[in-house]
Amino acid sequence: MVTKMPEGEAEPVSLVTIKEPVDLIRLSVDERIYVKMRHDRELRGRLHAFDQHLNMVLGEAEETITTIEVDEETFEEVYKTTKRTIPMLFVRGDGVILVSPPSTTS
Amino acid sequence: MVPTYCKFVIFNKIVRLTSKMLFYSFFKTLVGHEIIVELKNDICVTGRLHSVDQFLNIKLIEVCVSDPEKYPYMNYISESFIRGSVVRYVQLPVNSVDSQLLQDAARKEITIR
């Protein structure tokens with residue numbers, strides 16, 4: 001027979017510590033995260049700090065910018081990505097679309 | 001004599017007030033350092049951080065623009081006030097950032113809230 005734990009005592013750690021969405025980001029401090037930004041920009045870097053606006057400081061940030069170029073003759077859409085690395089970067093929160101924790105970051 | 005519950009309320013207000021200021025405090029520690037501010041219209045402004053305010057408006061001195069051929073009108077500017085909302089990124093000098101302190105402050109700030 002399976003004995004049931006008293007309610008409230010055997011809650012998994014994840015449920016205890018994640019009460020609101022921002023807690024997911026709090027647990028990602030000092031981890032590499034993925035940030036999707038407006039205007040087809042993406043960032044990967046180590047999260048050092050963030051606030052409620054999702055202003056962030058990322059270490060070793062790699063920015064990927066995706067642009068679509070249309071071929072003049074064939075009208076084919078060519079996706080072009082440009083990458084650059086910035087050792088320490090402050091990101092203003094109003095450009096952030098999503099933040100993904102390290103487990104799902106390639 | 002202030003009742004205990006009042007003290008608690010006052011304390012909470014102070015904590016909440018200061019806790020919204022993480023990046024403001026952070027930028028104040030960077031005053032005097034060389035930073036690169038990247039604006040939402042892709043202009044990159046390099047300069048020495050003179051001051052910052054609670055909206056993260058930035059005042060730069062010794063300004064130079066990375067691409068002067070593209071933005072010739074920026075050549076004549078030596079000092080500039082940049083509205084916080086037009087900033088996309090700020091590239092920071094890696095040696096003047098204490099990442100451990102920053103991480104602790106970030107964890108604390110969001111817990112207090």
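Please read these numbers as outputs of a predicted model, since none were measured by experiment.

### Here's the deal with the overall build of chain B
Here is step 1 of the chain: Along its length, chain B carries 3 helices and 5 strands.
Here is step 2 of the chain: Secondary structure elements of chain B, listed N to C terminal, follow the sequence α-α-β-β-β-β-β-α.
Here is step 3 of the chain: Buried residues in chain B amount to 36% of all 113 residues.
Here is step 4 of the chain: Counting contacts in chain B only where the partners sit at least 6 residues apart, residues at least 24 apart contribute 48% of the total.
Here is step 5 of the chain: When the accessible area of chain B is evaluated, it comes to approximately 7000 Å², of which 59% is carbon and sulfur surface.

### Some words on the overall build of chain A
Here is step 1 of the chain: A tally of regular secondary structure across chain A gives 2 helices and 5 strands.
Here is step 2 of the chain: Helices and strands appear in chain A in the N-to-C order α-α-β-β-β-β-β.
Here is step 3 of the chain: Burial statistics for chain A: of 106 residues in total, 35% are counted as buried.
Here is step 4 of the chain: If you sum the accessible surface of chain A, you get close to 6900 Å²; carbon and sulfur atoms cover 53% of it.

### So, the environment of S99 of chain B
Here is step 1 of the chain: Within the secondary structure, S99 of chain B sits in helix α3 (residues 99-112).
Here is step 2 of the chain: For the pair S99 of chain B and V52 of chain B, spaced 47 residues apart in sequence, the C-alpha to C-alpha distance is 20 Å.

### Quick word on the packing of aromatic side chains
Here is step 1 of the chain: According to the stated counting rule, one finds 4 aromatic pairs over all chains in the structure shown.
Here is step 2 of the chain: Plain terms: the ring middles of F23 of chain B and F26 of chain B are 6.4 Å apart, the flat faces sit at 85° to each other, and that makes the pair edge-to-face. Taken together, the positions of F23 of chain B and F26 of chain B, both in helix α2 (residues 22-29) and 3 residues apart, correspond to about one turn of that helix.
Here is step 3 of the chain: An aromatic cluster of at least three residues, connected via ring pairs, comprises F90 of chain A together with F23, F26 and F27 of chain B.

### Overview of the nonpolar core
It is characteristic of soluble globular proteins that their nonpolar side chains tend to be buried jointly.
Here is step 1 of the chain: In terms of nonpolar packing, the biggest core is built from 30 residues, with F27 and L92 of chain B touching the most fellow members.
Here is step 2 of the chain: Membership of the second largest hydrophobic core comes to 18 residues, among which are I25, M56 and A61 of chain A together with Y89 of chain B.

### Comments concerning a negative patch on the surface
Here is step 1 of the chain: Taken together, the side chains of D71, E72, E73 and E76 of chain A present a region of like negative charge at the surface.
Here is step 2 of the chain: Among the secondary structure elements, E73 of chain A is positioned in the loop between β3 (56-70) and β4 (77-91).

### Regarding the pattern of salt bridges
Here is step 1 of the chain: Applying the stated criterion across every chain yields a total of 15 salt bridges over all chains.
Here is step 2 of the chain: Between D30 of chain A and R46 of chain A there is a salt bridge; the shortest N-O distance is 3.6 Å. Note that D30 of chain A is positioned in the loop between α2 (21-26) and β1 (32-37) and R46 of chain A in strand β2 (residues 41-50), a separation of 16 residues in sequence.
Here is step 3 of the chain: Judged by its relative accessible area of 32%, R46 of chain A is partly exposed.
Here is step 4 of the chain: Across the pair K59 of chain B and E79 of chain B runs a salt bridge, and its minimum N-O distance is 3.5 Å. Of the two residues, K59 of chain B sits in strand β3 (residues 58-65) while E79 of chain B sits in the loop between β3 and β4 (80-82), which places them 20 residues apart along the sequence.
Here is step 5 of the chain: Judged by relative accessible area, E79 of chain B falls into the partly exposed class, the value being 47%.

### Points about the UniProt feature "domain: Sm" (unreviewed entry) in chain B
Here is step 1 of the chain: Feature annotation in UniProt assigns "domain: Sm" (unreviewed entry) to the following positions: residues 22-96 of chain B.
Here is step 2 of the chain: The straight-line gap between the two end C-alpha atoms of residues 22-96 of chain B is 16 Å; of that span, 11% is helix and 41% is strand.

Calculation notes
Residues numbered from 1 in each chain as written. Chains lettered and ligands numbered in written order. Predicted model: local features only at pLDDT ≥ 70, side-chain atom pairs only at ≥ 80, totals over all residues. Heavy atoms only, no water. Helix = DSSP H or I, 4+ residues; strand = E, 2+ residues; numbered from the N terminus. Buried < 20%, exposed > 50% of the residue type's maximum accessible area, 1.4 Å probe, protein only. Contact = heavy atoms within 4.5 Å. Areas by Shrake-Rupley, 256 points an atom, 1.4 Å probe, with all protein chains shown as cover. Phe/Tyr/Trp six-rings, centres within 6.5 Å; stacked < 30°, edge-to-face > 60°. Core = buried A, V, L, I, M, F, W, Y, C linked by side-chain atoms within 4.5 Å. Patch = residues over 30% accessible without salt bridge, like charges linked within 9 Å, V, L, I, M, F, W, Y side chains within 5 Å. Salt bridge = Lys/Arg side-chain N within 4 Å of Asp/Glu carboxyl O. Lys, Arg positive; Asp, Glu negative; His and termini not counted. Charge placed at Lys NZ, Arg CZ, Asp CG, Glu CD. UniProt positions renumbered as here; feature names shortened; annotations may be inferred.

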